[in-house]
Amino acid sequence: MFDVTPIPAFNDNYIWAISVDGQDQIAVVDPGDATPVENYLNENGLQLAAILVTHHHHDHTGGISKLVENHQVPVYGPENSQFDGITQPLADGSSLELFGHTLNIRTIPGHTLDHISYLYSGETPQLFCGDTLFLAGCGRIFEGTPAQMFAAMEYFKTLADNTEIYCTHEYSLANLKFAEAVEPDNADIQATTRQCYQLREDNKPTLPTTIEQERRINPFLRTDAEAVIRSAREFSGQPLSSELEVFTAVREWKNQF
């Protein structure tokens, strides 16, 4: 598996540094700012080998032009991206080799239409999913549709329970507050909230999370749970006859929360 280290950026972004033992190279995921990446490289005596992009938003791509000026490296990203700095376009179902490991590409539109994820499918799988799946949450739908975002959630639910999820924002406590509003009696949400508060008190990231944890706490992966369905119906005032309708109601609730 990869060694993955968070490089904090802006107020709540994480630029993920990916490496393997015994090499002095890293790849970075969604470098919205070049400066913290350059500082990390210099402080640790490392070289930049590649840049991975999940979607076009500036807080995920804003540092790339500066990094490419200083390091002649490939920039992997979605083939249909609005960001014009991608040199290695990736389609759904394609893959790339990174430090001797394979990353598989899945298109997951919803937050944006160009959003993709990168999955390492080893003994401990690792998912780099940008702004689509968060600890106890999912991304806001800016360009896509609720159906597209729900389809992404359904894909995530097919992954192994021990899959590590590397999303790119520290939104966990706010997401957990909403999750508890949806499921006030969910003891797993309450326990995770306590754990995340302690991590933030210690100035540590709450990430990565895992698919197994998200199945227990994330309302956007729990649209078949009676408590979530009941709360979504109460919020919307509608009968909500499908999981997509439940998801759509919960996402709209989160928008207003």
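The structure we're discussing is the one just above.
A short tour of the structure in this document, coming up. Once a new chain begins, its residue numbering starts again from 1 and follows that chain's sequence as written. Thresholds applied to this predicted model are a pLDDT of at least 70 for local features of residues and 80 or more for the giving and counting of side-chain atom pairs; totals over whole chains, interfaces and linings are not thresholded and use all residues. Side-chain metrics rest on all non-hydrogen atoms present in the structure, leaving aside hydrogens and water.

**Here we look at the overall build of the chain**
Note the cut-off: The way it works is that DSSP assigns letters per residue, a run of H or I at least four long becomes a helix, a run of E at least two long becomes a strand, and they are numbered from the N terminus. Per-residue accessibility, obtained with a 1.4 Å probe over protein chains only, is compared with the maximum for each type, and a residue is labelled buried under 20%, exposed over 50%, and partly exposed between these values. Note on contacts: a residue pair is in contact if any heavy atoms of the two residues lie within 4.5 Å.
In terms of regular secondary structure, the chain is built from nine helices and 14 strands. Considering only C-alpha atoms, the chain reaches an extent of 55 × 40 × 35 Å along its principal axes. Relative to its 257 residues, the chain shows a buried fraction of 53%. Contacts in the chain between residues at least 24 apart in sequence constitute 59% of all its contacts with a sequence separation of at least 6.

**Comments concerning the environment of G85**
Relative to the assigned elements, G85 resides in the loop between β5 (75–78) and β6 (88–90). Linking G85 and V75, residues 10 residues apart in sequence, is a C-alpha distance of 7.1 Å.

**Some remarks on the sheet that holds strand β10 (residues 126–130)**
Formally: The criterion for strand pairing is that DSSP finds at least two bridges linking the strands in question.
Ordered in space as β7-β8-β9-β10-β13-β14, the six strands form an open sheet in which the pairing is mixed. At either end of the open sheet lies a strand with only one pairing partner, and these are β7 (95–98) and β14 (209–210). Judged from the three bridges that link them, strand β9 (residues 116–120) and β10 form a sheet pairing that is antiparallel. If you follow L119 over to β10, its bridge partner there is L127.

**Details of the layout of surface pockets**
How we decide: A pocket here means an open set of points on a 1 Å grid, computed over the protein atoms alone, that has protein on both sides within 12 Å along at least five of seven lines. A cavity is instead a set of points where a 1.4 Å probe fits but cannot get out; residues with an atom within 4 Å of a point line either one. Grid points are joined across faces, edges and corners, and a volume is the space filled by probe spheres set on the points. In this classification, the charged set is Asp, Glu, Lys and Arg, the nonpolar set is Ala, Val, Leu, Ile, Met, Phe, Trp, Tyr, Cys and Pro, and all remaining amino acids, among them Gly, are polar.
One number sums up the size of the largest pocket: a volume of about 200 Å³. If you trace the largest pocket, you find 14 residues lining it, with H111, F134, R140, F142 and Y171 closest to the centre. Looking at the lining of the largest pocket, its residues break down into four nonpolar, five polar and five charged.

**A look at the pattern of salt bridges**
Oppositely charged side chains can form a pair if their charged atoms are brought close together. Convention followed: Basic side-chain nitrogens of Lys or Arg form a salt bridge, by our definition, when they fall within 4 Å of a carboxyl oxygen of Asp or Glu.
Inspection of the entire model under this criterion finds seven salt bridges. Taking the shortest distance from any N to any O, the salt bridge between E154 and K157 comes out at 3.0 Å. Between D161 and R215 there is a salt bridge; the shortest N-O distance is 3.2 Å. Of this pair, D161 sits in the loop between α4 (146–156) and β13 (164–167) while R215 sits in helix α7 (residues 211–217), and the two are 54 residues apart along the sequence.

**Comments concerning the packing of helix α5 (residues 172–182) against helix α9 (residues 243–256)**
What counts, and what does not: Lines fitted to C-alpha atoms define the axes here, with helix axes fitted over just the stretch in contact, and angles between the N-to-C directions of these axes take values from 0 to 180 degrees. Each angle gets one of four labels, with under 35 degrees taken as roughly parallel, over 145 as roughly antiparallel, 65 to 115 as roughly perpendicular, and the rest as oblique. A clockwise turn of the near helix away from the far one marks a right-handed crossing, whereas an anticlockwise turn of less than a right angle marks a left-handed crossing.
The geometry of α5 relative to α9 is characterised by a closest axis approach of 11 Å and an angle of 125° between their N-to-C directions. As the angle between them shows, α5 and α9 are arranged oblique. Between α5 and α9 lies a crossing of right-handed hand. Here α5 contributes N175, F178, A181 and V182 to the contact with α9, which in turn contributes V250, W253 and K254. Grouping the constituent residues of the contact of α5 with α9 by class yields five nonpolar, one polar and one charged.

In short, shape yes, function no, at least from these values alone.
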